[in-house]
Amino acid sequence: MTTRSIPRPGERGIGRLLDADVAGLLLLFVVVVAVFGAAADNFLTGSTFASIAFQLPELGLLSLAMLMPIISGGFNLAITFTANLSGLAMAGILHAGGGESAGVLFILLGIAAALATGAVVGWAMGAIIATTGAHPILVSLSTMIFVRGLGEFLTRGGDISGTPQAVQAIGQGTLLGIPAPLIVFAAAVLVWHVLMSRTRLGFATRMIGSNLEATRYSGVPTRRSLTLVYTLSGLMCGLAGIVMLARFNSVRVGHGEAYLLITVLACFLGRVDPFGGFGRVLPVAIALVILQVIASGLNLLGANQHLATALWGGFLLVIMIARSVWAGRSLHRMIGRR
């Protein structure tokens, strides 16, 4: 993993930096809404924002699954296929219990199976990374290939569809007028925020991302922490798999492959350091809203799907270049003051 001995400019003023990050992203959100509102006549409507509210959570949960590994200086390329495999585990149990007529017991067992599947996949990745020192990209890439192949073997390239109404309500229903999946996502954001800002694991994750060896010599159990980081990442993938199954009433191995790029984009747009050691949940959540608004706006404008994918890649390059230039200038100013 990459180590960093020079502190990030402005890290001592966390409160001020938080305000700057959030304010900048909120301003970008207003600009994006204004641009698409002017470009598409039917953009500023209730149906558009309702669609955004239902589409955002699955991408948001996968982005949270990507967040902790990146802050730790790693990566998890297997998030989408882990979510799909978790959904397959839940769907298999539901069908064993009668499919659309499955009772509460099988629904609870299915949810537990989905979360356990995601956690086991994440634990395996974390254990390999922590004990062997192999690069997270290589380990997660190998895991992605394995999980994808396993899922295709189990389903023979097809899908599993048909779930009880109670399960569909998780992805399609509302509670007090608020989309149920959005409530799930908001709860996950709150839990991840507390985890990263108020617990020893959150502190250890940042320390490991900043300098793994220094963290190990300081007495932090780096192997256990890294394993737990990827286990929690997999657990969040399991939750995403549940929401995806509930929303589409079906699950297949290849669903959401394009989400991987957007989750990385959301993390970097939300000011997560690509080399690890720095990142917060709230800016990433706001960045997700911005990206989902852009996706919905492009869809209303009739943009070609392949062109939209190219735009995401270009957007990611622009963000990386801008952040590199900004970091270089900030470091130059900091050195000049000394």
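Since we're looking at a predicted model, the values are computed, not measured.

**Focus on the overall build of the protein**
(1) Moving on: When its secondary structure is counted, the protein shows 13 helices and four strands.
(2) Moving on: The burial tally for the protein puts 50% of its 338 residues in the buried class.
(3) Moving on: Sequence-distant contacts in the protein: of pairs separated by 6 or more residues, those separated by 24 or more amount to 81%.
(4) Moving on: Split by element, the accessible area of the protein, about 15900 Å² in all, is 67% carbon and sulfur.

**Quick look at the pattern of salt bridges**
(1) Moving on: Going through the model one piece at a time under the given rule, you end up with three salt bridges.
(2) Moving on: Arginine 247 serves as the salt-bridge partner of glutamate 58, at 2.8 Å between the closest nitrogen and oxygen. Note that glutamate 58 is positioned in helix H2 (residues 46–71) and arginine 247 in helix H10 (residues 222–248), a separation of 189 residues in sequence.
(3) Moving on: Glutamate 58 gets classed as buried once you look at its relative accessible area, which sits at 1%.
(4) Moving on: A salt bridge links glutamate 152 to arginine 148; the nearest nitrogen and oxygen atoms lie 3.4 Å apart.

**A closer look at helix H5 (residues 136–155)**
(1) Moving on: The end-to-end C-alpha separation of H5 is 28 Å, in line with the 28 Å expected for 20 residues at 1.5 Å each.
(2) Moving on: Of the residues making up H5, those classed as buried are Pro136, Val139, Ser140, Thr143, Met144, Val147, Gly151 and Thr155. Across the axial projection of H5, the buried residues extend over an arc of 140°, all falling on one side. The exposed residues of H5 that point more than 90 degrees off its buried face are Leu138, Ile145, Phe146 and Phe153.
(3) Moving on: Buried-residue contacts for H5 involve helix H3 (79–96), helix H4 (104–132) and H10.
(4) Moving on: Arginine 156 lies just past H5 and shows a positive phi near 55°.

**Details of the environment of glycine 92**
(1) Moving on: Tracing the backbone shows glycine 92 in helix H3.
(2) Moving on: In sequence terms glycine 92 and alanine 113 are 21 residues apart; their C-alpha atoms lie 9.5 Å from each other.

**Regarding unusual backbone geometry**
(1) Moving on: Phi angles above zero are rare outside glycine, and asparagine 249 is one such case at about 60°.
(2) Moving on: With respect to the helices and strands, the residue asparagine 249 is situated in the loop between H10 and strand S4 (250–252).
(3) Moving on: The phi angle at arginine 271 is positive, at roughly 70°, despite the residue not being glycine.
(4) Moving on: For arginine 271, the location among the structural elements is in the loop between helix H11 (259–269) and helix H12 (281–300).

**Looking at the nonpolar core**
(1) Moving on: If you look at the biggest cluster of nonpolar residues, it comprises 89 residues, and the most contacted ones within it are Leu64, Met66, Leu67, Met68, Trp192, Leu291 and Ile294.
(2) Moving on: When near neighbours in sequence (up to four residues on either side) are disregarded, isoleucine 294 contacts Val32, Phe36, Trp312 and Phe315.

**A word on the confidence of the model for the protein**
(1) Moving on: With 89% of its residues at a pLDDT of 70 or more, the protein has an overall mean of 84.
(2) Moving on: Below pLDDT 50 for its whole length, residues 1–17 participates in 32 contacts with residues either more than four positions away or in separate chains.

**Some details on H4**
In an α-helix, one turn spans 3.6 residues; hence positions three or four apart end up facing the same way.
(1) Moving on: For H4, spanning 29 residues, the distance from its first C-alpha to its last is 42 Å, which sits close to the expected 42 Å at 1.5 Å a residue.
(2) Moving on: Positioned one or two residues after H4, glycine 133 has a phi angle of 75°, which is positive.

**Here we look at the packing of H2 against helix H7 (residues 180–198)**
(1) Moving on: Two elements in contact, H2 and H7, have axes separated by 8 Å at closest approach and are oriented at 20°. One element, H2, and the other, H7, form an angle in the roughly parallel class. Our pair here, H2 against H7, has a crossing hand that is left-handed. Seen from H2, the contacting residues are Ala53, Phe54, Leu56, Pro57, Gly60, Leu61, Leu64, Leu67, Met68 and Ile71; seen from H7, they are Pro181, Leu182, Phe185, Ala188, Val189, Trp192, Leu195 and Met196.
(2) Moving on: When grouped by side-chain class, the residues that make up the contact of H2 with H7 number 17 nonpolar, one polar and no charged.

**As for the side chain of serine 86**
(1) Moving on: Summarising the element assignment, serine 86 is placed in helix H3.
(2) Moving on: Apart from residues no more than four positions distant in its own chain, serine 86 is found in contact with Ala114, Thr117, Gly118, Cys237 and Gly238.

**A word on a nonpolar patch on the surface**
(1) Moving on: On the surface, Leu175, Leu176, Ile178 and Ile183 cluster together into a nonpolar patch covering about 410 Å² of accessible area.
(2) Moving on: Within the fold, isoleucine 183 resides in helix H7.
(3) Moving on: The class for isoleucine 183 is partly exposed, based on a relative accessible area of 32%.

**Things to note about the environment of isoleucine 178**
(1) Moving on: Counting through the fold element by element, isoleucine 178 comes out in strand S3 (residues 178–179).
(2) Moving on: Once the C-alpha coordinates of isoleucine 178 and alanine 50 are considered, the two residues, 128 residues apart in sequence, prove to be 9.1 Å apart.
(3) Moving on: Once you skip the residues sitting within four places of it in the chain, isoleucine 178 turns out to touch Gly173 and Ile183.

**Focus: the environment of phenylalanine 278**
(1) Moving on: Tracing the chain through its elements places phenylalanine 278 in the loop between H11 and H12.
(2) Moving on: Using a relative accessible area of 5% as the deciding quantity, one classes phenylalanine 278 as buried.

**Examining the side chain of asparagine 84**
(1) Moving on: Mapped onto the elements, asparagine 84 comes out in helix H3.
(2) Moving on: On the accessibility criterion, asparagine 84 (2% relative accessible area) is buried.
(3) Moving on: A distance of 2.3 Å separates a polar side-chain atom of asparagine 84 from the backbone oxygen of valine 253.
(4) Moving on: Here the side chain of asparagine 84 touches histidine 255 through a polar contact of 3.0 Å, landing on its backbone oxygen.
(5) Moving on: The contact partners of asparagine 84, leaving out residues within four places of it in the chain, are Met244, Val251, Arg252, Val253, Gly254 and His255.

Thresholds applied
- Residues numbered from 1 in each chain as written.
- Predicted model: local features only at pLDDT ≥ 70, side-chain atom pairs only at ≥ 80, totals over all residues.
- Heavy atoms only, no water.
- Helix = DSSP H or I, 4+ residues; strand = E, 2+ residues; numbered from the N terminus.
- Buried < 20%, exposed > 50% of the residue type's maximum accessible area, 1.4 Å probe, protein only.
- Contact = heavy atoms within 4.5 Å.
- Areas by Shrake-Rupley, 256 points an atom, 1.4 Å probe, with all protein chains shown as cover.
- Salt bridge = Lys/Arg side-chain N within 4 Å of Asp/Glu carboxyl O.
- Expected span 1.5 Å × (residues − 1).
- Arc of directions from axis to C-beta.
- Core = buried A, V, L, I, M, F, W, Y, C linked by side-chain atoms within 4.5 Å.
- pLDDT = per-residue confidence, 0-100.
- Axes fitted to C-alpha atoms, helices over the stretch in contact; angles between N-to-C directions.
- Parallel < 35°, antiparallel > 145°, perpendicular 65-115°, else oblique.
- Left-handed = near helix turned anticlockwise from the far one by under 90°.
- Nonpolar A, V, L, I, M, F, W, Y, C, P; charged D, E, K, R; others polar.
- Patch = residues over 30% accessible without salt bridge, like charges linked within 9 Å, V, L, I, M, F, W, Y side chains within 5 Å.
- Polar contact = N/O pair within 3.5 Å; in protein donor to acceptor, adjacent residues only side chain to side chain.

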